[in-house]
Amino acid sequence: MVKHLNAIPTKHAKLVKWVEEWAELCEPNGIYWCDGTNTEYYALCEEMVQSGLATRLNSKLRPDCVLFRSDPSDVARVEARTYIASEKQEDAGPTNNWIAPAELKATMRELYKGCMHGRTMYVIPYSMGPVGSNIAKIGVEITDSAYVVINMHVMTRVGNKVLEVLGDDGEFVPCIHSVGKPLENGESDNGIWPCAPMEKKYIAQFPETREIWSYGSGYGGNAILGKKCLALRIATVQARDEGWMAEHMLILKLTNPEGKVKYVTGAFPSACGKTNLAMLIPTIEGWKVETVGDDIAWMKFGKDGRLYAINPENGFFGVAPGTSMQSNKNAMLSCRQETIFTNCALRENGDIWWEGIDIDLEPGEKLIDWKGNVWEAGQVDADGKPVKAAHPNARFSARGRNCPAIAPNWEDPAGVPIDAFLFGGRRPSTLPLVYQSLSWEHGVMIGSSVGSEVTAAALDVKAGTVRRDPFAMLPFCGYHMADYFAHWLEIGKVAGAKLPKIFCVNWFRKTADGRWLWPGFGDNSRVLKWIFERCDGEGKAQETAIGYMPTEDAIDRTGLDSVSDADMKELLALDVEGWKKEVASIREHYAKFGDKMPKELLAQLDALEARLAKC
Ligand code: GTP
Ligand code: SPV
Ligand code: MN
């Protein structure tokens with residue numbers, strides 16, 4: 001029997017048995033039940049600072065903040081090692097990796113055998129969503145990583161209050177995690193981030209039994225299991241079965257100068273601007289944006305037929321590079337205190353730094369880069385390429401309550417009623433700044449064909465080509481993507497539903513010489529204003545082949561000198577030839593889903609093609 005290091009805080013026999021069985025397999029030094037207190041949080045931070053895994057930042061510049069440097073191979077989600085292990089391969093669909101659950105469990109069980117030698121097994125009871133809300137879901141994560149524990153403290157609601165709600169026999173999603181690096185014969189990590197080699201990493205979801213097994217990575221979405229694994233991959237399956245929605249969406253509260261409020265959600269692929277839009281500071285007089293969530297939305301119908309959204313998370317796991325007081329002041333202020341930084345650079349004064357932070361370094365100042373090496377501005381590698389001080393996917397884990405723009409009602413267990421859904425990605429051409437769908441079904445077609453430009457370095461896609469990332473959910477859907485499209489269509493058929501209006505936005509249009517056509521960030525409020533108006537049946541628009549588009553004077557450009565009339569014309573032009581190519585590309589994308597592809601969406605695509613043919 002593995003010993004318990006503190007008192008077992010629950011009478012939930014099934015939970016205790018589950019924990020003890022995993023302890024038998026993983027053989028940790030002991031079992032520690034997390035209580036979610038600040039005392040626990042700071043003790044674990046201190047322990048990791050002492051062991052050299054974390055660096056404490058300057059307590060005046062960044063109070064209560066720590067910096068971690070991961071293993072250079074463990075810097076992001078690993079899609080190639082992520083599995084939807086449904087009983088039938090067909091249920092995982094063509095966009096997910098699949099291994100039969102029995103086979104995968106046998107393989108992983110071998111890896112878990114003795115994997116926690118020399119480590120503590122932490123048990124983290126957590127709630128996704130405000131504790132006790134009827135939309136919230138409870139998970140329990142077992143992990144051998146104290147880094148994961150402190151991140152779960154920030155990103156979810158952890159501790160005894162969750163166990164109280166769980167009671168003696170409540171339902172929870174069991175989540176197992178190990179970094180996959182046993183310590184034998186008293187050896188220690190020596191300040192080096194522990195993880196397993198790529199071929200031993202597995203991020204496994206078992207949709208039928210609603211279990212999560214993760215092995216070998218300590219990073220973000222691979223290891224903080226409440227986030228992408230539970231709140232999206234498992235939750236999408238529950239949402240399908242129970243008639244609600246789990247989406248990779250920001251949630252914002254938009255108030256006009258008259259004090260009228262609308263709530264907007266937006267699905268943009270990873271690193272395509274959700275955090276930035278959710279925390280935006282409008283550049284137009286009298287408008288206000290407040291943050292409800294920056295990454296995940298769970299939505300259910302209210303009695304009034306509207307969709308109500310909650311943010312199941314408790315914090316932000318935000319992209320650091322590019323974040324500055326100019327681009328996202330609210331994010332910068334959110335991570336001024338009580339924040340965990342990962343793979344950022346360290347300054348001599350004990351502060352963090354990253355590319356695009358817009359803070360000048362002292363002349364000749366040397367940093368410690370994300371790999372732990374000394375770094376100087378202008379440094380190049382052996383191939384003459386600039387060396388980055390921070391990893392491009394460096395992140396900050398900041399608490400929701402520290403965001404100056406957080407909406408006062410962000411934790412309302414009833415959620416907020418949604419008026420508009422936005423879809424978007426990085427599209428340098430063809431897709432206009434904004435347009436509105438002609439109908440719900442047309443909007444579902446837009447969502448199902450979201451694409452974003454990726455670089456060859458990041459993914460196995462030719463540079464300049466578009467990777468289709470339907471609803472920004474490609475890496476996060478727990479079942480067959482075409483069935484998920486069908487679920488979206490079903491939502492549109494719910495009797496008495498008062499559905500959000502659907503819009504497509506594109507902040508990333510470029511000129512032929514590579515300049516941004518649209519300034520983005522705070523100026524996106526100008527587009528939000530038009531969307532607000534459209535939700536009220538106002539806002540100047542014309543019906544075109546692709547949907548309702550703003551007339552050239554419909555977007556408020558007061559005080560915006562950087563966008564000329566000609567730019568605006570280009571941003572709102574209907575590029576018929578480009579769209580014909582787009583239709584062909586969407587057709588190829590749809591073909592991947594075979595017979596499962598909903599007929600309504602094929603009909604929507606045919607209709608779009610027919611409208612374009614008449615232009
Ligand atoms: P995940 O947390 O990975 O899901 O990403 P996210 O969608 O929250 O992305 P985030 O808001 O962190 O944006 C990532 C990158 O997009 C940053 O480098 C931003 O600077 C850039 N970005 C965000 N909004 C805009 C915009 O309006 N225009 C331009 N040009 N870049 C933007
Ligand atoms: C994303 O990749 O969409 C993220 C970061 O939000 S992670 O939690 O690592 O998935
Ligand atoms: Mn995300």
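Residues numbered from 1 in each chain as written. Chains lettered and ligands numbered in written order. Predicted model: local features only at pLDDT ≥ 70, side-chain atom pairs only at ≥ 80, totals over all residues. Heavy atoms only, no water.

K.L.:
Which parts of the structure should I look at to understand unusual backbone geometry?
P.N.:
Positive phi is not limited to glycine here, since D64 has a value of about 55°. By the element assignment, D64 lies in the loop between β2 (54-56) and β3 (66-68). With a phi angle near 65°, T430 is a residue other than glycine that sits in the positive phi range. If you trace the backbone, T430 turns up in the loop between β25 (420-424) and β26 (434-436). The exposure class of T430 is buried, given its relative accessible area of 10%. (Helix = DSSP H or I, 4+ residues; strand = E, 2+ residues; numbered from the N terminus. Buried < 20%, exposed > 50% of the residue type's maximum accessible area, 1.4 Å probe, protein only.)

K.L.:
Help me understand the site of ligand 1, please; the structure alone is not making it clear to me.
P.N.:
Around ligand 1 sit 21 residues, and of these A271, K274, T275, N276 and R395 come closest. For ligand 1, an oxygen atom lies 3.1 Å from a polar atom in the backbone of G273. When isolated, ligand 1 has an accessible area of 670 Å², and the protein chains bury 91% of it. Top element by residues in the shell around ligand 1 is helix α9 (residues 274-278). It accounts for three residues. Of the residues assigned to the shell around ligand 1, the class counts are ten nonpolar, seven polar and four charged. (Near = heavy atom within 4 Å. Polar contact = N/O pair within 3.5 Å; in protein donor to acceptor, adjacent residues only side chain to side chain. Areas by Shrake-Rupley, 256 points an atom, 1.4 Å probe, with all protein chains shown as cover. Nonpolar A, V, L, I, M, F, W, Y, C, P; charged D, E, K, R; others polar.)

K.L.:
How should helix α12 (residues 481-491) be read in this particular structure?
P.N.:
Count 3.6 residues to each turn of an α-helix, and residues three or four apart come out pointing the same way. Counting buried positions along α12 yields eight of eleven residues, so the element is predominantly enclosed. All buried positions along α12 are accounted for by M481, A482, Y484, F485, H487, W488, L489 and I491.

K.L.:
What am I meant to see in the state of the cysteines here?
P.N.:
What we call a disulfide is simply a covalent bond connecting the sulfur atoms of a pair of cysteines. Inspection of every chain in the model, using the stated rule, returns zero disulfides. You can see C26 has no disulfide; the closest cysteine sulfur is in C115, sitting 4.0 Å from it. C45 forms no disulfide, and the closest cysteine sulfur to it belongs to C65, at a distance of 9.5 Å. Residue class for C45 comes out buried when judged on its relative accessible area of 3%. (Disulfide = S-S within 2.5 Å.)

K.L.:
Looking at this structure, I do not really get the sheet that holds strand β15 (residues 297-301). What am I missing?
P.N.:
Whenever strands of a sheet pair, they do so through backbone hydrogen bonds, lying parallel or antiparallel. Pairing within the open sheet is antiparallel, and its four strands lie in the order β11-β15-β16-β24. The open sheet is flanked by β11 (245-247) and β24 (416-417), the only strands paired with a single partner. Helix α8 (residues 226-242) contacts β11 and β15 of the sheet and is inclined by roughly 155° relative to β11. Seen against the sheet, α12 touches β11, β15 and β16 (307-310) and runs at an angle of roughly 125° to β11. (Pairing = 2+ DSSP bridges. Contact = heavy atoms within 4.5 Å. Axes fitted to C-alpha atoms, helices over the stretch in contact; angles between N-to-C directions.)

K.L.:
Is there a simple way to think about the coordination of the manganese ion (ligand 3) in this case?
P.N.:
The textbook angles at a metal center are 109.5 degrees for a tetrahedron of four donors and 90 or 180 degrees for an octahedron of six. Donor atoms from the polypeptide that coordinate the manganese ion (ligand 3) comprise K228 (NZ), H248 (NE2) and D295 (OD), at 2.2 to 2.3 Å from the metal. Around the manganese ion (ligand 3) sit six donor atoms, and with donor-metal-donor angles ranging over 70 to 172° the site reads as irregular. Positions of the donor residues of the manganese ion (ligand 3) along the chain correspond to the pattern K-x19-H-x46-D. Remark: D295 occurs in the loop between β14 (288-293) and β15 and H248 occurs in the loop between β11 and β12 (250-255); sequence separation between them is 47 residues. (Donors = N, O, S within 2.8 Å, 3.2 Å for Na, K, Ca; no water. Tetrahedral: all angles 85-135°; square planar, octahedral: opposite > 155°, others 65-115°.)

K.L.:
Please clarify how the side chain of Q436 should be interpreted in this entry.
P.N.:
Mapping Q436 onto the fold places it in strand β26. A polar contact of 2.7 Å, which involves the side chain of Q436, links it to the side chain of R534. Setting aside chain neighbours within four positions, we find Q436 in contact with K501, I502, F503, W530, R534, G547 and Y548.

K.L.:
Mind showing me how you'd approach the site of ligand 2 here?
P.N.:
What surrounds ligand 2 is the set R77, G220, G221, K227, K228, H248, S270, D295, F317, R395 and F476. Here G221 contributes a backbone N or O atom positioned 2.9 Å from an oxygen atom of ligand 2. For ligand 2, an oxygen atom lies 2.6 Å from a polar atom in the side chain of K228. Coverage of ligand 2 by the protein amounts to 95% of the 290 Å² it exposes when considered alone. Looking at the shell around ligand 2, the elements with two or more residues in it are α7 (220-223) and α8. Partitioning the shell around ligand 2 into residue classes produces two nonpolar, four polar and five charged.

Take it as geometry only, folks, not as evidence of what the structure does.
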